[in-house]
Amino acid sequence: MENSSAFAEPLCIPYRSAGTAGIITKIRLENFMCHSSLQIELGEWINFITGQNGSGKSAILTALCVAFGCRARGTQRASTLKDFIKTGCSYAVVHVEMKNEGEDAFKPEIYGDTIIIERRISESTSSTVLKDHQGKKVASRKEDLQEIVEHFNIDVENPCVIMTQDKSREFLHSGNDKDKFKFFFKATLLQQVNDLLQSIRSNLDAANALVDELESSIRPILKDLKELQSKIKNMEHIEEISQQVDQLKKKLAWTHVHEIDKELQEQSAKVENYRNRVPACQAKINLHLGKMEDLMERLSKKKTHMASIMEKTSEVRRLKEELQNHLRMSTKERLELVEEHSRKLNLVEKLVEKVRWLEQQVGDIHEQHIQNTQAEECEIKKNLKGLQDEVDAAHLVLARLKDEENALSDSLSMGMDEIRKISSEIETYERRRREMSSHVRELLQHQTNKVTAFGGDRVISLLRAIERHCNRFKMPPIGPIGVHLSLIHGDTWAPCVENAIGKLLNAFIVNDHKDSLLLRGCAKEANYNHLQIIIYDFSRPRLDNRIPSKMLPQTQHPTTLSVLRTDNPTILNVLIDLGHAERQVLVRDYDVGKAVAFDKDIANVKEVYTLEGYKMFSRGSVQTILPPNKRTRTGRLCSSFDNQIKDLERDKVNVEEHAEQSRRKKRNAEEEIRNLQDKLQTAKRRRLNAERDLMSKQLAMKDVKDSYAAESSPAPASTVDELHQEISRVQGEIQEKQILLEKLEVRMNEAESKVNELKLSFENLCVSANADIDAFGEAEREVELIEADLHAAEKGKIHYEELMTNRVLPEIKVEEANYQELKEKYEKSIKMASTICPESELEALGGCNGCSTDQLSDQVKRLTRILENESQKYADSIDDLRMMYEKKKRKIFRKQQTYEGFREKLNKALDLRWSKFQRNATLLKRQLTWQFNGHLRKKGISGQIKVSYEEKTLSVEVKMPQDASSGTVRDTRGLSGGERSFSTLCFALALHEMTEAPFRAMDEFDVFMDAVSRKISLDTLVDFALAQGSQWIFITPHDISMVKQGERVKKQQMAAPRS
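Residues numbered from 1 in each chain as written. Predicted model: local features only at pLDDT ≥ 70, side-chain atom pairs only at ≥ 80, totals over all residues. Heavy atoms only, no water.

So, on to the overall build of the protein. Each helix and strand counted, the protein has 21 helices and 23 strands in total. Of all intrachain contacts in the protein linking residues separated by at least 6 positions in sequence, the fraction that spans at least 24 positions is 76%. For the protein, the accessible surface area stands at approximately 60500 Å², while carbon and sulfur atoms represent 50% of it. (Helix = DSSP H or I, 4+ residues; strand = E, 2+ residues; numbered from the N terminus. Contact = heavy atoms within 4.5 Å. Areas by Shrake-Rupley, 256 points an atom, 1.4 Å probe, with all protein chains shown as cover.)

Time to look at helix α12 (residues 513-525). Here α12 is 13 residues long and its end C-alpha atoms lie 18 Å apart, about the 18 Å a rise of 1.5 Å per residue gives. For α12, every residue scored as buried is listed here: Asp-515, Ser-516, Leu-518, Leu-519, Cys-522 and Ala-523. Buried residues of α12 fall within an arc of 165 degrees about the axis and therefore sit on the same side. Across α12 from its buried face, at more than 90 degrees, point the exposed residues His-513, Lys-514, Leu-517 and Lys-524. Buried residues along α12 sit against α10 (457-468), β11 (508-510) and β12 (533-535). Positioned one or two residues after α12, Asn-527 has a phi angle of 60 degrees, which is positive. (Expected span 1.5 Å × (residues − 1). Buried < 20%, exposed > 50% of the residue type's maximum accessible area, 1.4 Å probe, protein only. Arc of directions from axis to C-beta.)

In this structure, strand β2 (residues 24-32) lies alongside strand β5 (residues 91-99), joined through six bridges in antiparallel fashion. From the neighbouring strand, Glu-30 faces β5, where its bridge partner is Val-93. Here β2 pairs with strand β3 (residues 35-41) via six bridges, running antiparallel. Note that in β3 the partner of Leu-29 across the bridge is Leu-38. In textbook terms, the turn of a hairpin is the stretch between consecutive antiparallel strands, and for β2 and β3 this stretch comprises two residues, one of which, Met-33, has a positive phi near 55 degrees. (Pairing = 2+ DSSP bridges.)

It is worth spelling out the sheet that holds strand β15 (residues 607-610) at this point. Either a parallel or an antiparallel arrangement is found when strands of a sheet pair, and the pairing is made through backbone hydrogen bonds. Strand order in this open sheet of four strands is β14-β15-β16-β17, and the pairing throughout is mixed. The open sheet has two free edges, formed respectively by β14 (584-587) and β17 (622-626), since each of these has just one partner strand. Averaged over all neighbouring strand pairs, the angle between strand axes comes to 20 degrees, with direction disregarded. One ladder, built from two bridges, connects β15 with strand β16 (residues 615-619); its direction is antiparallel. If you follow Val-608 over to β16, its bridge partner there is Met-616. In the packing of helix α14 (residues 590-599) onto the sheet, the strands contacted are β14, β15, β16 and β17, and the crossing angle to β16 comes to about 15 degrees. (Axes fitted to C-alpha atoms, helices over the stretch in contact; angles between N-to-C directions.)

What follows deals with the pattern of salt bridges. Evaluated as defined, the whole model comprises 18 salt bridges. Across the pair Glu-607 and Arg-619 runs a salt bridge whose closest N-O atoms are separated by 3.9 Å. Remark: Arg-619 occurs in strand β16 and Glu-607 occurs in strand β15; sequence separation between them is 12 residues. Overall, the relative accessible area of 8% leaves Glu-607 in the buried class. When salt bridges that share partners are traced, they join Glu-430, Arg-433, Glu-660, Arg-663 and Arg-667 into one network. (Salt bridge = Lys/Arg side-chain N within 4 Å of Asp/Glu carboxyl O.)

Further remarks concern the nonpolar core. Counting residues in hydrophobic clusters, the biggest one holds 49 residues, and the most contacted among them are Phe-48 and Phe-184. If we skip the residues at most four places from it in the chain, Phe-48 touches Phe-1005, Leu-1018, Val-1022, Phe-1034, Ile-1040, Val-1043, Val-1049, Lys-1050, Lys-1051 and Gln-1052. By size, the runner-up hydrophobic cluster in this structure holds 48 residues, among which are Leu-64, Cys-65, Leu-145 and Ile-1035. (Core = buried A, V, L, I, M, F, W, Y, C linked by side-chain atoms within 4.5 Å.)

With respect to the helices, strands and loops of the structure, Glu-670 is situated in helix α15 (residues 642-712). Although Glu-670 is buried, it forms no salt bridge, and the closest oppositely charged side chain is Lys-666 at an N-O distance of 4.4 Å. What Glu-670 contacts, discounting residues up to four positions off in sequence, is Ile-419 and Leu-760. (Lys, Arg positive; Asp, Glu negative; His and termini not counted.)

A few words on the state of the cysteines. All told, the structure shown has zero disulfides when counted by the stated rule. With no disulfide of its own, Cys-65 lies 5.2 Å from the sulfur of Cys-70, the closest cysteine sulfur. (Disulfide = S-S within 2.5 Å.)

An order of β3-β2-β5-β6-β7-β8 is seen for the six strands of this open sheet, with the pairing classed as antiparallel. Edge positions in the open sheet fall to β3 and β8 (137-139), since each of these has one partner strand only. Pairs of neighbouring strands in the sheet enclose a mean axial angle of 20 degrees, with direction left out of account. Inspection of the sheet shows β5 paired to strand β6 (residues 114-122) by nine bridges, in the antiparallel sense. The partner of Ala-92 across the bridge, within β6, is Ile-121.

With that settled, consider the pairing of β16. Between β15 and β16, which follow one another and run antiparallel, lie four residues, and Gly-613 among them has a positive phi close to 105 degrees. Across five bridges, the pairing between β16 and β17 is antiparallel. Each bridged residue has a counterpart across the sheet, and for Met-616 the counterpart in β17 is Ile-625. Remark: two residues form the turn of the hairpin made by β16 and β17, two consecutive strands paired antiparallel; Gly-620 in that turn has positive phi of roughly 75 degrees.

One can describe the packing of α10 onto α12 by two numbers: an axis separation of 8 Å at closest approach and a directional angle of 130 degrees. In terms of axis orientation, α10 runs oblique to α12. In the packing of α10 onto α12, the handedness of the crossing is right-handed. For the pair α10 and α12, the contacting residues are Leu-462, Ala-465, Ile-466 and Arg-468 in the first and Leu-519, Cys-522, Ala-523 and Glu-525 in the second. Here the contact of α10 with α12 is composed, by residue class, of six nonpolar, no polar and two charged. (Parallel < 35°, antiparallel > 145°, perpendicular 65-115°, else oblique. Left-handed = near helix turned anticlockwise from the far one by under 90°. Nonpolar A, V, L, I, M, F, W, Y, C, P; charged D, E, K, R; others polar.)

Before going further, it helps to examine a positive patch on the surface. On the surface, a cluster of positive charge is contributed by Lys-887, Lys-888, Arg-890, Lys-891 and Arg-894. Within the secondary structure, Arg-894 is located in helix α19 (residues 878-936). (Patch = residues over 30% accessible without salt bridge, like charges linked within 9 Å, V, L, I, M, F, W, Y side chains within 5 Å. Charge placed at Lys NZ, Arg CZ, Asp CG, Glu CD.)

Okay, the environment of Ile-154 next. Following the sequence through the fold, Ile-154 ends up in the loop between α3 (142-152) and β9 (162-163). In sequence terms Ile-154 and Cys-65 are 89 residues apart; their C-alpha atoms lie 10.0 Å from each other. Discounting chain neighbours no more than four positions away, the residues touching Ile-154 are Phe-68, Met-98, Val-149, Pro-998 and Phe-999.

Let us look at the side chain of His-95. Relative to the helices and strands, His-95 resides in strand β5. The contacts of His-95, once residues within four sequence positions are left out, are Lys-26, Ile-27, Arg-28, Ile-116, Ile-117 and Glu-118.

Okay, unusual backbone geometry next. Geometrically, the link from Gly-479 to Pro-480 is a cis peptide bond, its omega value of -5 degrees lying close to zero. Topologically, Pro-480 is positioned in the loop between α10 and β10 (486-487). Notably, Asn-153 is not glycine yet its phi reads approximately 60 degrees, a positive angle. Tracing the chain through its elements places Asn-153 in the loop between α3 and β9.

The next thing to look at is helix α13 (residues 569-577). Burial of α13 is extensive: seven of the nine residues sit out of reach of the surface. For α13, the set of buried residues is Thr-570, Ile-571, Leu-572, Asn-573, Val-574, Leu-575 and Ile-576. N-capping of α13 is provided by Asn-568, with a side-chain oxygen placed 2.9 Å from the backbone N of Thr-570. (Polar contact = N/O pair within 3.5 Å; in protein donor to acceptor, adjacent residues only side chain to side chain.)

The next point concerns the environment of Arg-882. Tracing the backbone through its elements, the reader meets Arg-882 in helix α19. Taking the C-alpha atoms as reference, Arg-882 lies 8.2 Å from Leu-228; in sequence the two are 654 residues apart.

We now examine the environment of Val-958. In this fold, Val-958 is placed in strand β19 (residues 953-959). Accessibility expressed as a relative area gives 1% for Val-958, which makes it buried. For the pair formed by Val-958 and Leu-936, sequence separation is 22 residues and the distance between their alpha carbons is 8.9 Å.

Set out below in structure tokens:
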């Protein structure tokens, strides 16, 4: 990048103290997005970054967002952080340096004058490291980074802090008043204040509940107060009470006797009840013992069966290893023979070439003397012609034999290809058979426990974990959803329904976020990863009766909602709100589905599903048809799995028959291959014989030529003889080499046949071993199930034995001891009561009147104390009691006043804060309009912003100059692209004035602007940025030469993208 030089005409800028904290000084990227290595240094005031499209400008802002903790989806550039890693690299690094000087510095004693934030991203993880000014690591927790972000008020997801390319385009094009209101509400921190007030309201409710609890704590004192008042009244009637004391004492004595008698009877029944529990526990123990013996016997048989299979499979493995070793050795031997054959063949070709050279020399000698033997030449030519005809005939025979050999080789190659194809078919059939067996086992498990159809064994573990932690949930979770659903009209529409809402069938529903975190912990405990959790308000009423008929599809075909039944209204509401089940139409075939989805133009149809598995929908003018997903297994909602199991067993038998047919075809093809190999060996031997015959005839013809040359030219006879001797020697050597080649070819053919036989034996062994391996796996799974049942039975037996030993028998002993103690106490109480008065006198007094011993004892003690106090003239007279009564009454009254004042003070404080919030919101609304108009006037435009906090909308009205338009444009989409972009930019600047941040960034803020609007917008941005005082980063692909120059304005140009 190239830094701009200082500008000649500096702008008038406000004073800002040196060392402002939070300003970005340097950004370094490594393997991030399109950058392999990039380092950019930023000025403290205004920074313009320009460059062509694709040069990586926007990656700078994306890196800032990632460095300050923004999630990948929050950047709107990727779904995961690893997507930011440059193609071909394994990691990415974002290095950001920011100033930490001045009064607002964050922990300067730790970080110094510079804070370094370094985020490293790999394929699997990402980490953030905070360093001081010397580059030493200080912290690496997310909480430390969040503390820095909150200290400097850096909210990278707030468009007023960082307006990325996507947010800029979305904001400039958005005509939605609610989106503008959200932008305004968040930028002015009203959203944060509103959330705080809502939190205060929740805390205030908790405080009111605490006050209510304090008020309830004085209720016992009020009760004491009433009792004190009752005592005063009783002392006024002391005479009457004294007459009742004796009667109460008599009643008390015999009431005590009656109560002990009643307790004795209850204790006797209790002892008998505990004794009856012993046979029941023993029966449970015997039941579990019998079950354990049965399971142990089954387990022993299964383990014996597994041992036999293991011995068989171990022998198969040994044979398999031996075949592999023999196959490797045979293949190596065949390759060595091929290499030696090639060497020998090259040597023969060299010798043949030497023979040709020697024959050429002999021919040259003959040509020198051929003119002297014209008379004898005619007869020699006739002999030579006869020999030549024989040579030509031998050539034709040799060519025919070679063609036969090539045809047999091609047939052999085609046969080997056919065998490989059949082997692939056999493997495919075996794989399908294993898949069907696995599916049958799953269906049998689902038939035993339907819950396993919606998550397997993991969901059973999860439900047990939820049961263990059920007291911690605010409301128990609901799920899996599929367990609570059933089909109304049989199993006809099961494939369509599972295709429509299949993703929701395994999900769980919780009431709030806290319960979702607790459920996530239970899922982790149960090793249930990627559990789908839906947060939904359980208190919402049932929605299916509240949907107007005009909002439903107007068709005779059923919908997903109409064929489902559930007793839980929350599940029904989730299917409507999240699954849109009321707008999913179910049809029987493809053609009807197309007519409903596209041709008939039926309103309120979201998607159409067919029984074949097709999904059809239209979005605007685009019509989409998704084919069936063959990997998806349906039938989980069916009422019975018997038909599916029968179909799978029938398909499994068909697959096994096809596999057996393929094996027979493979054996026939192998037999045919062996026949072809025998024929090929015969053809090769015939071809070698023809070659030797041809060679002998060629040698005979050469001998005739040589003898004629010797007779016609006696002078060079010695030379010709020497050449013939040399030719004979070389030809003899050639014949020896050919004999060796024939032997090598025979050995090669034998080695190749051995390799093929070993391959076929190895493949047959693998096929035969698959059945044993599958049988071993099935037996192993059965052993696991038996061991699990055995463990459960043993656990049940131990549970009942511990119950018998630790609870039942000790409780029987304790209760029997209590019975004896009560019996002794009963006899003593009868003697004591008889000394006070006989039982007949008690009947004359009217009996005990149903009063308990404690009640009578309290009355006697209370009346006795009153009488003693009165008779002995204690200080606690009636007046004292009245004074005590008044004192407690005043104390309680003061507490009640305190609690009421506390509640009133809290409510008043919240109401005051809420009124201030509303007043500030009104002031911010007015301030926004003033500042918006101030920026619009720079282009001669006026406007108004209307904010409705009740409807949560924000509308922008712009009035153009008189010479252009005299009307008020209420919708900015009615403006031209440049005018709309400029007015929206003015709105954004007005919001910027109302927010605080150490730095701000805008990407492609001047899109869709004409030249005049861009010039005014750039000048407005520069003036505003200098006046506002914080650091600004502007990114644009356009020319910025029109930007005002100044010493605080820094321009940088990105390098052009590589082609």
